[in-house]
Amino acid sequence: MDPIVILILVAAVVVVFLVASTVRIVPQARRYNIERFGRYRRTMQPGLNLVVPVADRINSKLDVREQVYSSEPKPVITEDNLVVNIDTVLYYQITDPRSAAYEVADYLHAIDQLTVTTLRNVIGSMDLEGTLTSREEINARLRAVLDDATGKWGIRVNRVEIKAIDPPHTIKEAMEKQMRAERDKRAAILHAEGERQAKILTAEGTKQKDILEAQGTQQAMILRADGEAKAVELVFQAVHHNNADPKVLAYKYLETLPHLASSDNNTFWVIPGELTEAVRTVTSAFGDQSAADPAPSAQPEEAADKALGTSGEDRAPKRGAASTVSLDTARATAEAEKQAAAAVSDAKAEAEAAKSAQTPRRGPTGD
């Protein structure tokens, strides 16, 4: 082969290599740090970039997007001497590629160690309950410390979150018992409150019921009394307006006598003192017919004697006066006396029966 051709081919290969070494394409959200003869020269931006072959080289390729770093659980001692394992999640972003490459050797390891030390300082001043209930405070204090320390490294810490806090197993069991006791306490309180409200409502309902029943009874008694008063008033007006005959009044008086002992609960009864006067009223009511029938019969007089409990000897002085009473008057008087005697005998029988039923029987006694 001709040496000239070989020389041309070698020159072409060298040119292609030089061109390939000169052109660099940087992707979006990436930053390349360029060193020239071992010294930092510049940071290439996304797009097409040219470098000096052999003299320039890429030292580091960095991603400037927001990154997520999850650390391993780290043991931390609380103020009450309990060891808890805390797992954190870190959100950061590279803002200065030069500082991130030259100010710290391994920024992820540095951030992890700084997070652990900050956690121990923060949680060391809290007890277990405060640690479990103060996550927002811990996150804020961690972020403030990390952001201040990583600022000179060209890194901005956007957010720090505590992913998990794992207390010892015995503490977990104690916490579960405590929470179970709290739930039982709340359940008992709610149950007692429910029973209390139920009893209060029941008592109020009973009270309202008694009040309404009393009001209803009161209204019924008032209406019944008004009705009886109006009935009495109407009867009274009817008697006075119609000028009732004494015969009618005497008959109504005798008619009410059998009802004196009609109740089952009556153990005694009272005969009105005006019974003799009632008989006399009947006699005087029918006295206008005395002229027609001058002689009364002996049988009504005997019935009247039996009813009034008088003997013939006691009645003997009055026979002369009674002979002036008519036969109709004597019959009416005898009928009235019979009714009165029947009512009295019935009432006596009922009273004796009730008394004998209430009196216990005595056993036989020897002489």
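My aim in this report is to walk through the structure given alongside it, one point at a time.

Right, let's talk about the sheet that holds strand β3 (residues 39–44) for a bit. Each strand in a sheet pairs with another by means of backbone hydrogen bonds, the pair being arranged parallel or else antiparallel. Reading across the sheet, the three strands line up as β3-β2-β5 and stay open at both edges, with antiparallel pairing between neighbours. Each of the sheet's edge strands pairs with one partner strand only, and the pair in question is β3 and β5 (56–63). Across the sheet, the axes of successive neighbouring strands diverge by a mean angle of 25 degrees, strand direction being ignored. In the sheet, strand β2 (residues 30–36) pairs with β5 via seven bridges, with the strands oriented antiparallel. Note on β5: the bridge partner recorded for Asn33 is Ser60.

It is worth spelling out empty space enclosed by the protein at this point. The method is simple in principle: a probe with the dimensions of a water molecule rolls over the atoms, and the space it marks as empty is what remains. In total, this model carries two cavities of 30 Å³ or more according to the counting rule given. Counted as a void, the largest cavity has a volume near 50 Å³. Every residue lining the largest cavity is listed: Tyr69, Ser71, Thr88, Val89, Leu90, Ile111, Asp112, Thr115 and Val160. Of all the secondary structure elements, the ones that give two or more residues to the lining of the largest cavity are β8 (83–94) and α3 (107–123). Split by residue class, the lining of the largest cavity holds five nonpolar, three polar and one charged.

Core analysis: the biggest nonpolar cluster contains 29 residues, and Ile86, Leu90, Ile138 and Ile155 have the highest contact counts within it. Here this core gets seven residues from one element, more than from any other, and that element is α3. Here Ile138 is in contact with Leu119, Val122, Ile123, Met126, Thr131 and Ile162, once residues within four sequence places are set aside.

Now for the layout of surface pockets. Estimated volume of the second largest pocket: approximately 230 Å³. Around the second largest pocket, the lining residues are Asp80, Leu128, Glu129, Leu132, Thr133, Met175, Gln178, Met179, Glu182, Arg183 and Arg186. Every element with two or more residues in the lining of the second largest pocket is listed here: α4 (128–133) and α6 (169–242). No other element matches α6, which puts six residues into the lining of the second largest pocket.

Turning our attention to unusual backbone geometry. Its identity as a non-glycine residue notwithstanding, Ala29 has a phi of 65 degrees, on the positive side. By the secondary structure assignment, Ala29 is in the loop between β1 (23–26) and β2. Positive phi values are uncommon outside glycine, yet Val54 reaches one of about 70 degrees. Mapped onto the elements of the fold, Val54 is located in the loop between β4 (47–50) and β5. Residue classification places Val54 among the exposed residues on the basis of a relative accessible area of 78%.

Calculation criteria
- Residues numbered from 1 in each chain as written.
- Predicted model: local features only at pLDDT ≥ 70, side-chain atom pairs only at ≥ 80, totals over all residues.
- Heavy atoms only, no water.
- Pairing = 2+ DSSP bridges.
- Helix = DSSP H or I, 4+ residues; strand = E, 2+ residues; numbered from the N terminus.
- Axes fitted to C-alpha atoms, helices over the stretch in contact; angles between N-to-C directions.
- 1 Å grid on protein atoms, 1.4 Å probe; cavity = no way out; pocket = protein on both sides within 12 Å on 5 of 7 lines; lining within 4 Å.
- Points joined across faces, edges and corners; volume = space filled by probe spheres on them.
- Nonpolar A, V, L, I, M, F, W, Y, C, P; charged D, E, K, R; others polar.
- Core = buried A, V, L, I, M, F, W, Y, C linked by side-chain atoms within 4.5 Å.
- Buried < 20%, exposed > 50% of the residue type's maximum accessible area, 1.4 Å probe, protein only.
- Contact = heavy atoms within 4.5 Å.

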